[in-house]
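# Residue-level structure breakdown
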Amino acid sequence: MKPADTDKNAHRTVSATDNSIVSRRIDSAATHDAQDRQIEVSNNGKATPHLQAFRQVVESRRSVRRFTDKPIPDEVLADCLRLAMLAPNSSNLQPWEFYVLDSSDKRQQAIKICMNQNAAKTSVRLIAVVARTDNWHDHAKQVLREYPTTPVPKKVKDYYNKVVTLDFLRGPANAISVAKWGAIQVVRRVKGPIKSPYYTFDDVKNWATNNTALAAENLMLALRAYGFDSCPMGGFDEPAIKKLLGLGDDHHVVMMIGAGERADNGIYSAQFRFDQTQFVHYV
(Lines give C-alpha, C1' and ligand atoms only; values in the text may rest on other atoms or scores of the structure.)
Protein backbone atom coordinates (compact mmCIF):
# COMPACT_ATOMS: atom_id res chain seq x y z
CA MET A 1 0.00 0.00 0.00
CA LYS A 2 1.49 3.30 -1.06
CA PRO A 3 1.36 5.81 1.80
CA ALA A 4 -1.04 8.69 1.33
CA ASP A 5 0.80 11.97 0.98
CA THR A 6 1.02 14.08 4.11
CA ASP A 7 -0.70 17.41 4.06
CA LYS A 8 2.32 19.73 4.19
CA ASN A 9 3.64 20.51 0.72
CA ALA A 10 1.94 17.41 -0.67
CA HIS A 11 -0.79 18.96 -2.80
CA ARG A 12 -2.05 22.39 -3.74
CA THR A 13 -5.18 22.95 -1.68
CA VAL A 14 -7.96 24.31 -3.85
CA SER A 15 -10.60 26.61 -2.47
CA ALA A 16 -14.04 25.33 -1.60
CA THR A 17 -15.48 26.95 -4.74
CA ASP A 18 -12.76 25.58 -7.01
CA ASN A 19 -13.05 22.15 -5.43
CA SER A 20 -16.81 22.11 -5.97
CA ILE A 21 -16.30 22.94 -9.64
CA VAL A 22 -13.63 20.27 -9.99
CA SER A 23 -15.86 17.70 -8.29
CA ARG A 24 -18.81 18.53 -10.58
CA ARG A 25 -16.60 18.25 -13.64
CA ILE A 26 -15.20 14.92 -12.47
CA ASP A 27 -18.68 13.56 -11.67
CA SER A 28 -20.01 14.79 -15.02
CA ALA A 29 -17.08 13.32 -16.92
CA ALA A 30 -17.44 10.02 -15.10
CA THR A 31 -21.17 9.89 -15.90
CA HIS A 32 -20.67 10.58 -19.61
CA ASP A 33 -17.72 8.21 -19.76
CA ALA A 34 -19.78 5.43 -18.18
CA GLN A 35 -22.60 6.06 -20.64
CA ASP A 36 -20.17 5.92 -23.56
CA ARG A 37 -18.68 2.62 -22.39
CA GLN A 38 -21.67 0.32 -22.48
CA ILE A 39 -20.20 -3.13 -21.98
CA GLU A 40 -21.97 -6.32 -22.92
CA VAL A 41 -22.12 -8.15 -19.60
CA SER A 42 -25.32 -10.14 -19.83
CA ASN A 43 -26.88 -12.50 -22.35
CA ASN A 44 -28.99 -9.77 -23.93
CA GLY A 45 -25.98 -7.51 -24.42
CA LYS A 46 -27.07 -4.74 -22.02
CA ALA A 47 -25.21 -3.32 -19.04
CA THR A 48 -26.79 -4.50 -15.79
CA PRO A 49 -28.02 -2.20 -12.99
CA HIS A 50 -25.27 -3.69 -10.82
CA LEU A 51 -22.63 -2.41 -13.22
CA GLN A 52 -24.11 1.09 -13.22
CA ALA A 53 -24.15 1.22 -9.42
CA PHE A 54 -20.65 -0.25 -9.16
CA ARG A 55 -19.25 2.31 -11.57
CA GLN A 56 -20.82 5.14 -9.62
CA VAL A 57 -19.26 3.92 -6.38
CA VAL A 58 -15.81 3.23 -7.83
CA GLU A 59 -15.59 6.35 -9.98
CA SER A 60 -16.77 8.68 -7.20
CA ARG A 61 -14.46 7.23 -4.54
CA ARG A 62 -11.63 9.61 -3.74
CA SER A 63 -8.96 9.82 -1.08
CA VAL A 64 -10.53 12.62 0.95
CA ARG A 65 -8.25 14.67 3.19
CA ARG A 66 -10.85 16.81 4.96
CA PHE A 67 -14.21 15.75 6.34
CA THR A 68 -17.27 17.47 7.78
CA ASP A 69 -18.52 16.86 11.31
CA LYS A 70 -21.41 14.67 10.13
CA PRO A 71 -21.27 11.42 12.11
CA ILE A 72 -21.23 7.95 10.58
CA PRO A 73 -23.99 6.03 12.39
CA ASP A 74 -22.82 2.94 14.25
CA GLU A 75 -25.11 0.70 12.24
CA VAL A 76 -23.70 2.08 8.97
CA LEU A 77 -20.12 1.50 10.04
CA ALA A 78 -21.01 -1.99 11.27
CA ASP A 79 -22.50 -2.86 7.88
CA CYS A 80 -19.48 -1.40 6.06
CA LEU A 81 -17.21 -3.60 8.17
CA ARG A 82 -19.42 -6.61 7.44
CA LEU A 83 -19.09 -5.90 3.73
CA ALA A 84 -15.35 -5.43 4.15
CA MET A 85 -15.04 -8.93 5.55
CA LEU A 86 -16.83 -10.40 2.54
CA ALA A 87 -13.64 -9.70 0.58
CA PRO A 88 -11.99 -12.64 -1.15
CA ASN A 89 -9.26 -14.21 0.93
CA SER A 90 -7.00 -17.22 0.80
CA SER A 91 -8.72 -20.40 1.99
CA ASN A 92 -11.24 -18.26 3.92
CA LEU A 93 -8.69 -17.89 6.73
CA GLN A 94 -9.58 -14.20 7.17
CA PRO A 95 -6.31 -12.86 8.66
CA TRP A 96 -7.68 -9.35 9.24
CA GLU A 97 -8.73 -7.23 12.19
CA PHE A 98 -10.19 -3.71 12.35
CA TYR A 99 -9.62 -1.42 15.32
CA VAL A 100 -12.13 1.44 15.45
CA LEU A 101 -10.62 4.20 17.58
CA ASP A 102 -13.68 5.44 19.46
CA SER A 103 -11.87 6.32 22.70
CA SER A 104 -11.21 10.07 22.69
CA ASP A 105 -7.80 9.63 24.30
CA LYS A 106 -6.66 6.87 21.94
CA ARG A 107 -8.02 8.78 18.96
CA GLN A 108 -6.02 11.90 19.83
CA GLN A 109 -2.88 9.84 20.30
CA ALA A 110 -3.51 8.06 17.01
CA ILE A 111 -3.89 11.37 15.19
CA LYS A 112 -0.43 12.39 16.38
CA ILE A 113 0.93 8.98 15.36
CA CYS A 114 -0.57 9.62 11.91
CA MET A 115 1.63 12.73 11.68
CA ASN A 116 -1.36 15.01 12.31
CA GLN A 117 -2.61 14.51 8.77
CA ASN A 118 -5.87 16.29 8.03
CA ALA A 119 -7.37 12.97 6.92
CA ALA A 120 -6.87 11.74 10.48
CA LYS A 121 -7.58 15.01 12.34
CA THR A 122 -10.89 15.74 10.61
CA SER A 123 -12.16 12.16 10.31
CA VAL A 124 -15.22 11.20 12.33
CA ARG A 125 -14.03 7.58 12.39
CA LEU A 126 -10.42 6.45 12.48
CA ILE A 127 -9.73 2.78 11.82
CA ALA A 128 -6.55 0.72 12.05
CA VAL A 129 -6.54 -2.12 9.52
CA VAL A 130 -4.43 -4.96 10.89
CA ALA A 131 -3.14 -8.22 9.40
CA ARG A 132 -2.47 -11.23 11.62
CA THR A 133 0.23 -13.81 10.94
CA ASP A 134 -0.38 -15.98 14.00
CA ASN A 135 -4.00 -17.13 13.76
CA TRP A 136 -4.07 -19.18 10.56
CA HIS A 137 -4.14 -22.46 12.51
CA ASP A 138 -6.97 -21.36 14.82
CA HIS A 139 -8.94 -20.07 11.85
CA ALA A 140 -8.44 -23.32 9.95
CA LYS A 141 -10.04 -25.15 12.89
CA GLN A 142 -12.80 -22.54 13.09
CA VAL A 143 -13.61 -23.03 9.40
CA LEU A 144 -14.24 -26.71 10.08
CA ARG A 145 -16.36 -25.94 13.16
CA GLU A 146 -18.50 -23.41 11.32
CA TYR A 147 -18.59 -25.05 7.90
CA PRO A 148 -22.06 -24.49 6.39
CA THR A 149 -22.78 -28.15 5.64
CA THR A 150 -22.65 -31.15 7.94
CA PRO A 151 -21.00 -33.51 8.01
CA VAL A 152 -17.97 -31.62 6.72
CA PRO A 153 -16.79 -33.34 3.50
CA LYS A 154 -13.64 -35.41 3.95
CA LYS A 155 -11.74 -33.48 1.27
CA VAL A 156 -12.47 -30.24 3.14
CA LYS A 157 -11.23 -31.73 6.42
CA ASP A 158 -8.10 -33.03 4.71
CA TYR A 159 -7.45 -29.66 3.12
CA TYR A 160 -7.60 -27.68 6.36
CA ASN A 161 -5.97 -30.32 8.56
CA LYS A 162 -3.17 -31.29 6.19
CA VAL A 163 -2.67 -28.97 3.21
CA VAL A 164 -3.10 -25.68 5.07
CA THR A 165 -0.93 -26.88 7.94
CA LEU A 166 1.87 -27.96 5.61
CA ASP A 167 1.57 -24.68 3.72
CA PHE A 168 2.25 -22.54 6.80
CA LEU A 169 4.44 -24.64 9.11
CA ARG A 170 8.06 -23.47 9.19
CA GLY A 171 9.48 -25.11 12.31
CA PRO A 172 12.29 -23.89 14.60
CA ALA A 173 14.87 -21.90 12.60
CA ASN A 174 12.77 -22.63 9.49
CA ALA A 175 13.88 -26.28 9.61
CA ILE A 176 10.58 -27.51 8.15
CA SER A 177 10.80 -24.85 5.45
CA VAL A 178 14.09 -26.31 4.23
CA ALA A 179 12.49 -29.74 3.87
CA LYS A 180 9.46 -28.23 2.16
CA TRP A 181 11.67 -26.39 -0.31
CA GLY A 182 13.46 -29.61 -1.27
CA ALA A 183 10.19 -31.51 -1.67
CA ILE A 184 8.68 -28.78 -3.83
CA GLN A 185 11.66 -28.86 -6.21
CA VAL A 186 11.21 -32.62 -6.66
CA VAL A 187 7.47 -32.27 -7.30
CA ARG A 188 8.07 -29.54 -9.88
CA ARG A 189 10.55 -31.69 -11.77
CA VAL A 190 8.41 -34.83 -11.65
CA LYS A 191 4.80 -33.58 -11.82
CA GLY A 192 5.03 -29.98 -13.02
CA PRO A 193 3.77 -26.67 -11.59
CA ILE A 194 2.86 -26.48 -7.90
CA LYS A 195 2.09 -23.57 -5.59
CA SER A 196 4.99 -22.51 -3.40
CA PRO A 197 4.24 -22.86 0.32
CA TYR A 198 5.29 -20.22 2.84
CA TYR A 199 8.94 -20.65 3.75
CA THR A 200 9.64 -17.57 5.88
CA PHE A 201 7.96 -15.14 8.24
CA ASP A 202 7.99 -12.54 5.46
CA ASP A 203 6.13 -14.97 3.19
CA VAL A 204 3.36 -15.30 5.77
CA LYS A 205 3.35 -11.54 6.39
CA ASN A 206 2.93 -10.86 2.66
CA TRP A 207 0.08 -13.38 2.55
CA ALA A 208 -1.69 -11.74 5.49
CA THR A 209 -1.23 -8.14 4.34
CA ASN A 210 -2.33 -8.94 0.78
CA ASN A 211 -5.56 -10.51 2.01
CA THR A 212 -6.19 -7.72 4.51
CA ALA A 213 -5.71 -5.04 1.86
CA LEU A 214 -8.54 -6.63 -0.14
CA ALA A 215 -10.84 -6.20 2.85
CA ALA A 216 -9.69 -2.60 3.30
CA GLU A 217 -10.70 -1.77 -0.26
CA ASN A 218 -14.12 -3.32 0.33
CA LEU A 219 -14.48 -1.11 3.41
CA MET A 220 -13.69 2.06 1.51
CA LEU A 221 -16.09 1.19 -1.30
CA ALA A 222 -18.83 0.33 1.21
CA LEU A 223 -18.38 3.71 2.90
CA ARG A 224 -18.68 5.42 -0.47
CA ALA A 225 -21.85 3.47 -1.28
CA TYR A 226 -23.36 4.84 1.94
CA GLY A 227 -22.47 8.39 0.86
CA PHE A 228 -19.37 8.71 3.04
CA ASP A 229 -15.72 8.90 2.10
CA SER A 230 -12.35 7.69 3.30
CA CYS A 231 -8.62 8.12 3.03
CA PRO A 232 -6.17 5.23 3.40
CA MET A 233 -3.01 6.39 5.15
CA GLY A 234 0.40 4.76 5.16
CA GLY A 235 2.05 7.76 6.76
CA PHE A 236 2.10 6.68 10.41
CA ASP A 237 4.51 5.34 13.03
CA GLU A 238 3.67 1.62 13.07
CA PRO A 239 5.52 0.72 16.32
CA ALA A 240 3.70 3.60 18.05
CA ILE A 241 0.24 2.61 16.81
CA LYS A 242 0.91 -1.03 17.78
CA LYS A 243 1.89 0.08 21.27
CA LEU A 244 -1.22 2.24 21.53
CA LEU A 245 -3.46 -0.68 20.55
CA GLY A 246 -1.58 -3.30 22.55
CA LEU A 247 -0.60 -5.32 19.47
CA GLY A 248 2.15 -7.91 19.27
CA ASP A 249 4.82 -8.96 16.80
CA ASP A 250 2.29 -10.98 14.78
CA HIS A 251 0.04 -7.95 14.24
CA HIS A 252 0.86 -5.78 11.23
CA VAL A 253 -0.84 -2.42 10.66
CA VAL A 254 -1.50 -2.40 6.93
CA MET A 255 -3.02 1.09 6.88
CA MET A 256 -4.98 3.63 8.85
CA ILE A 257 -8.30 4.73 7.35
CA GLY A 258 -9.91 8.07 8.10
CA ALA A 259 -13.62 8.19 7.28
CA GLY A 260 -16.43 10.71 7.19
CA GLU A 261 -18.47 12.95 4.93
CA ARG A 262 -16.47 14.74 2.23
CA ALA A 263 -15.88 18.42 2.95
CA ASP A 264 -16.03 21.01 0.15
CA ASN A 265 -12.25 21.35 0.34
CA GLY A 266 -11.63 17.67 1.02
CA ILE A 267 -10.21 16.80 -2.38
CA TYR A 268 -6.88 18.39 -3.19
CA SER A 269 -6.74 17.81 -6.95
CA ALA A 270 -8.57 16.35 -9.91
CA GLN A 271 -8.25 12.60 -10.31
CA PHE A 272 -6.19 11.18 -13.15
CA ARG A 273 -4.55 7.89 -14.01
CA PHE A 274 -1.92 6.85 -16.55
CA ASP A 275 -3.17 5.27 -19.75
CA GLN A 276 -4.50 1.75 -19.30
CA THR A 277 -2.28 0.37 -22.05
CA GLN A 278 0.75 1.11 -19.89
CA PHE A 279 -0.32 -1.53 -17.37
CA VAL A 280 -2.52 -4.08 -19.17
CA HIS A 281 -0.80 -6.75 -21.24
CA TYR A 282 -2.61 -9.34 -23.37
CA VAL A 283 -0.33 -12.33 -23.89
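Read on for a plain summary of the structure. Source: prediction; values computed, not measured.

### Concerning helix H6 (residues 136-145)
Residues of H6 that are buried: Trp136, His139, Ala140, Val143 and Leu144. Projected down its long axis, H6 shows its buried positions confined to an angular sector of 145°, all on one face.

### Topic: unusual backbone geometry
In this chain, Thr150 is followed by Pro151 through a cis amide linkage whose omega measures -5°. By the secondary structure assignment, Pro151 is in the loop between H6 and helix H7 (154-168). Here Ser91, not a glycine, exhibits a phi torsion of approximately 55°, which is positive. Phi at Asn174 takes a positive value of approximately 60°, unusual for a residue other than glycine. Its location among the elements puts Asn174 in the loop between H7 and helix H8 (175-190).

### So, the sheet that holds strand E1 (residues 96-100)
In space, the four strands of this open sheet follow the order E1-E2-E4-E3, with antiparallel pairing throughout. The sheet is open, and its two borders are formed by E1 and strand E3 (229-233), each paired with just one other strand. Taking each pair of neighbouring strands and ignoring which way they run, the sheet shows an average axis angle of 25°. Running over the sheet, helix H10 (residues 238-245) touches E1, strand E2 (125-132) and strand E4 (251-260) and is turned about 85° from E4.

### Topic: the nonpolar core
Counting 37 residues, the largest nonpolar core has Leu93, Phe98, Tyr160, Phe168, Trp207 and Leu219 as its most contacted members. For this core, the leading source of residues is helix H9 (residues 201-225), giving nine residues. If sequence neighbours within four positions are ignored, Tyr160 has contacts with Ser91, Asn92, Leu93, Ala140, Val143, Leu144 and Thr165. Counting residues in hydrophobic clusters, the runner-up holds 19 residues, among them Ala119, Ala128, Met233 and Leu245.

Definitions and limits used
Residues numbered from 1 in each chain as written. Predicted model: local features only at pLDDT ≥ 70, side-chain atom pairs only at ≥ 80, totals over all residues. Heavy atoms only, no water. Buried < 20%, exposed > 50% of the residue type's maximum accessible area, 1.4 Å probe, protein only. Helix = DSSP H or I, 4+ residues; strand = E, 2+ residues; numbered from the N terminus. Arc of directions from axis to C-beta. Pairing = 2+ DSSP bridges. Axes fitted to C-alpha atoms, helices over the stretch in contact; angles between N-to-C directions. Contact = heavy atoms within 4.5 Å. Core = buried A, V, L, I, M, F, W, Y, C linked by side-chain atoms within 4.5 Å.

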